[in-house]
Structures are given as C-alpha cells and as structure tokens.
Amino acid sequence: GLASATLVKKSISSEWRSWIYALGVPLLMTIGSLLGGYTSDKKGKEQVLTWAIIATAASSIILAFLFDKSQMHLAIISVLLLFYLCIGFLTSSLYAFLMSKTSKMLAAFEFSILMAMTNLCESFSTYTVGQFLDAHGFLPVIIIFAGLSVLGTWLLKKNRGFNA
C-alpha cells in the first residue's frame, strides 16, 4: 500500500503502475520464493533467513532513499522490483525456517499461530511506518524498521539451539 501510493506521488503513470503490480511484482515474488525455498534446503534455513532479512532491509533502505530523494522513475521501479524479489525470498525462507521448528504432531496448528503472528507484525509495521512518513520521510523511518529487522538476525543466531 505505501509503495503504490508513493508511485502515484512520484507521478509514475497508471500504465506503469499496472504493469508493475500485475506482472512485475507477482513474477519477482514467485522467483524470489522459489529461490528462497531452494536455497533454504541447500544452504541451511537459519543462514538463508539471515541473508534474506539483510537483503530485504538493504533494498528497502535504497528504495526509501529513492522515494525521498529521486525523481528517476527507472531507478525507483527497478529497486521496487528488487525489493519484491527480496520479499519473496524472505517469505519462503521464513516459512521454511518456521516449519522446521514445529513439532510434527501439531505442525499445522503451530504454523497457523506463527503465520498469524507474522501477519500481525506486518500490519503493525505498515501502520506505524505510515504514521511517521509524513513527518519524517521514508528514509529515517525505514532505516529504523530495517535496523530492527537486522537486529532480529542477532536473535536468530543467539537462539540456534531452539527446537520445538
């Protein structure tokens, strides 16, 4: 929601926005999801999740900079699409990690709880970022939220022995 509204403010045409959200975003999120799942199986779920968090945080900071400081439409669109590739990668690597931590007997129930918590976090962070945007701009707000996400990688490493 926030990115779409910002594309309108940046005077990116409705035709471009339609192509971005009808084709670019679903395609790149799908590719990111496939890459995230595949690399989670091959390289280790915790390591890949850490990479995904850092890549998503970095792309969101670059995008926030462009939203605040740039009128270069091609750069904004390119980084926005990169961000959605990272989101797909992050989503599948997070799900792979969470599923590896559930007990086999209650896997669906535990995963449902984890998904509900994820959705609550996404809703809360989108709302909170939206509240601060007008007063502070994208860049400082996204740096704070991206920093909190990267801080989560430290917690991930600290709790390596965690098993359900």
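As the structure is a prediction and not an experimental result, all values here were calculated from the model.

Reading the values: rules and limits
- Residues numbered from 1 in each chain as written.
- Predicted model: local features only at pLDDT ≥ 70, side-chain atom pairs only at ≥ 80, totals over all residues.
- Heavy atoms only, no water.
- Helix = DSSP H or I, 4+ residues; strand = E, 2+ residues; numbered from the N terminus.
- Rg over C-alpha atoms; globule rule 2.2 N^0.38 Å.
- Buried < 20%, exposed > 50% of the residue type's maximum accessible area, 1.4 Å probe, protein only.
- Areas by Shrake-Rupley, 256 points an atom, 1.4 Å probe, with all protein chains shown as cover.
- Lys, Arg positive; Asp, Glu negative; His and termini not counted.
- Charge placed at Lys NZ, Arg CZ, Asp CG, Glu CD.
- Phe/Tyr/Trp six-rings, centres within 6.5 Å; stacked < 30°, edge-to-face > 60°.
- Salt bridge = Lys/Arg side-chain N within 4 Å of Asp/Glu carboxyl O.
- Expected span 1.5 Å × (residues − 1).
- Contact = heavy atoms within 4.5 Å.

Chemist: Please give an account of the overall build of the protein that cites residues and values.
Modeler: Each helix and strand counted, the protein has 6 helices and 0 strands in total. Reading the secondary structure of the protein in the N-to-C direction produces α-α-α-α-α-α. Relative to the globule expectation of 15 Å for 164 residues, the C-alpha radius of gyration of the protein, 17 Å, shows essentially globular dimensions. Along the longest, intermediate and shortest principal axes, the C-alpha atoms of the protein span 50 × 30 × 25 Å. Scored against the burial criterion, the 164 residues of the protein give a buried share of 37%. Working note: accessible area of the protein is about 9,800 Å², and carbon and sulfur atoms make up 70% of it. In the protein, 12 side chains carry a positive charge and 7 a negative one; their mean positions are 8 Å apart.

Chemist: I'd like a description of the packing of aromatic side chains, backed by residues and values.
Modeler: A complete count under the given rule lists 4 aromatic pairs for this structure. Plain terms: the ring middles of Y21 and Y84 are 6.2 Å apart, the flat faces sit at 80 degrees to each other, and that makes the pair edge-to-face. With a gap of 63 residues between them, Y21 in helix 2 (residues 14-43) and Y84 in helix 4 (residues 73-100) connect regions that are remote in the sequence. In this structure Y21 comes out as partly exposed when scored by relative accessible area, which is 28%. Ring plane angle 70 degrees and centroid distance 5.5 Å describe the contact between F83 and Y84, whose orientation is recorded as edge-to-face. Three or more aromatic residues link up through ring pairs in this structure, and these residues are Y21, F83 and Y84.

Chemist: Break down the pattern of salt bridges for me, citing the residues and quoting the values.
Modeler: Under the counting rule described, the total for this entry stands at 2 salt bridges. With a shortest N-O distance of 3.7 Å, D41 and K45 are connected by a salt bridge. Judged by its relative accessible area of 59%, D41 is exposed.

Chemist: Break down helix 5 (residues 107-136) for me, citing the residues and quoting the values.
Modeler: For helix 5, with 30 residues, the first-to-last C-alpha span of 42 Å sits near the 44 Å given by 1.5 Å per residue. Taken together, the buried positions of helix 5 are A107, F111, M115, T118, T128, V129 and L133. On the buried face of helix 5, the contacting elements are helix 1 (2-9), helix 4 and helix 6 (138-158).

Chemist: So, the environment of A22: which residues are in play, and what are the values?
Modeler: For A22, the location among the structural elements is in helix 2. On the accessibility criterion, A22 (61% relative accessible area) is exposed. Residues A22 and A116, spaced 94 residues apart in sequence, show a C-alpha to C-alpha distance of 26 Å.

Chemist: Which residues make up the side chain of T6, and what values do they have?
Modeler: Its place among the elements puts T6 in helix 1. Those residues within four positions of T6 in sequence are excluded, and the remaining contacts are F67 and F138.

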